[in-house]
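Below are the chains, spelled out letter by letter.
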Amino acid sequence: MNIHAFAPASRPGLETAHFLRDSDLSDHELRSLLEVAYQIKIEPESCRDSLKHRAIVLMFEKPSLRTRMTFELAAAQLGALAVFQDHRDGRIGEREPARDIARNLDRWFDAIVARTYSHRTLEQLAQWSSVPVINALSESYHPCQALADFLTIRERFGSFEDLRIAYVGDGNNVAHSLMYCAAQLGVSISVCGPPGFGPREADLAVATAVAEAHGSTVDVVADIREAVRDAAAVYTDVWTSMGWEDETQQRRIAFDAYQINDAVMTLAREDAIFMHCLPALRGQEVSDAVIESDRSVVFDQAENRLHAHKALLMMMVNGA
Ligand code: CP
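Here goes a summary of the coordinates provided. What you see is a predicted model; the values in this text were computed from it and never measured.

Below, the discussion takes up the packing of aromatic side chains. Following the criterion strictly, the structure yields eight aromatic pairs and no others. For the ring pair Phe255 and Tyr258, a centre distance of 6.5 Å and an interplane angle of 70° mean the geometry is edge-to-face. No difference in accessibility class separates Phe255 from Tyr258, as the two residues are buried. Cluster of aromatic residues (ring-pair linked, three or more members): Phe197, Trp239, Phe255 and Tyr258.

Attention shifts here to the site of the ligand. By nearness alone, every residue bordering the ligand is listed as Ser64, Leu65, Arg66, Thr67, Arg115, His142, Gln145, Cys277, Leu278 and Arg305. The contact in question runs from a nitrogen atom of the ligand to an N or O atom on the backbone of Cys277, over 2.9 Å. Across the complex, the protein chains shield 95% of the 260 Å² of accessible surface that the ligand would expose by itself.

Across the sheet, five strands lie side by side as β7-β6-β5-β8-β9; this open sheet has parallel pairing. Whereas interior strands pair on both sides, the edge strands pair on one side only; in this sheet they are β7 (218–221) and β9 (273–276). The mean angle between the axes of side-by-side strands here comes to 20°, regardless of whether they run parallel or antiparallel. With five bridges connecting them, strand β5 (residues 164–168) and strand β6 (residues 188–192) associate as parallel partners. Looking at the pairing, Arg164 lines up with Ser188 of β6. Along the sheet, helix α5 (residues 143–157) makes contact with β5, β8 (233–236) and β9, crossing β9 at roughly 170°.

Bringing the pattern of salt bridges into the picture now. Inspection of the entire model under this criterion finds 17 salt bridges. With a closest N to O distance of 3.0 Å, Arg48 and Glu45 form a salt bridge. Accessibility expressed as a relative area gives 42% for Arg48, which makes it partly exposed. Given a relative accessible area of 55%, Glu45 falls into the exposed group. Ionic pairing is found between Arg269 and Asp271, a salt bridge with its closest N-O pair at 2.9 Å. Accessibility expressed as a relative area gives 26% for Arg269, which makes it partly exposed. One continuous salt-bridge network, built from bridges that share partners, spans Arg21, Arg200 and Asp203.

Burial of strand β3 (residues 111–115) is extensive: five of the five residues sit out of reach of the surface. Of the two faces of β3, the one holding Ala111, Val113 and Arg115 and the one holding Ile112 and Ala114 are both buried throughout. In this structure, strand β1 (residues 55–60) lies alongside β3, joined through five bridges in parallel fashion. By the bridge assignment, Ile56 is partnered in β3 with Ala111. In this structure, β3 lies alongside strand β4 (residues 133–135), joined through three bridges in parallel fashion. In the strand pairing of β4, Ile112 is matched with Val133. Considered for its hand, the β-α-β crossover made up of β3, helix α4 (residues 119–128) and β4 is right-handed.

Rules and cut-offs
Residues numbered from 1 in each chain as written. Predicted model: local features only at pLDDT ≥ 70, side-chain atom pairs only at ≥ 80, totals over all residues. Heavy atoms only, no water. Phe/Tyr/Trp six-rings, centres within 6.5 Å; stacked < 30°, edge-to-face > 60°. Buried < 20%, exposed > 50% of the residue type's maximum accessible area, 1.4 Å probe, protein only. Near = heavy atom within 4 Å. Polar contact = N/O pair within 3.5 Å; in protein donor to acceptor, adjacent residues only side chain to side chain. Areas by Shrake-Rupley, 256 points an atom, 1.4 Å probe, with all protein chains shown as cover. Pairing = 2+ DSSP bridges. Helix = DSSP H or I, 4+ residues; strand = E, 2+ residues; numbered from the N terminus. Axes fitted to C-alpha atoms, helices over the stretch in contact; angles between N-to-C directions. Contact = heavy atoms within 4.5 Å. Salt bridge = Lys/Arg side-chain N within 4 Å of Asp/Glu carboxyl O. Right-handed = clockwise from strand over helix to strand, strands pointing away.

Here is the structure:
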């Protein structure tokens, strides 16, 4: 891979004070961040200690493997300290209001990385924090995941030109972030799932308009075969996201016809990749054969969380 392939190659800081949703980044900033992440991946030493003597805090209301590990490791490899508050300590706002938490944390830390149930909690932290607040997943968006996903897509295909990806499953936070990022990068996306479980109308409308401005499309497709046919990437996620566990049985029935298996993958492009943000439930949204196949890039996505988070922290905390 040519390290200059992710044009533009500059390392500007970001205009946005916080990273709560994908659209907080301009098109140029998104492409630059992906370029920086890729350069960090191939030259990890290039960013060592670039956040020396800095500190970040991770406030997580929900469990995490990938997001927690990669932010902690990213901080360590950049020379910064990461302090983690366990989700078992309760939700933000329970013991004291988010506006007070933010005004404590910003006296000690250079960034607040938060995983919340309510997106409003993140907005409250951001409203009161003088340091960047980064969305490590909310009920609405998972923008850090989308950064790693599009870094993975770009690595695999060498370009974002003439690509269409299919997202099959729940119209959740991952789907929303994929739609926004795809639209900004000019990648077309087909979103497919059972009636009543599609992406939010407001997010769909905005992402569709952004895609149109970039010569791409956001389509909601009912038929899984139509969505996946000739797609370059087939993406799915668990049918029941964290916080929706009381609907698990209802969702198993509703999503039964939407499993990604060999028969579905056969419809995609010959060089199509299979993507999943993980954790996955084999035998539900994806067959064991597909997630273990050569087409599967799920562990590349997981690795790329680290490189994307390093780039994000450098650009948000250091401005470089
Ligand atoms: N994909 C993802 O966010 O994984 P974790 O929930 O383990 O952080």
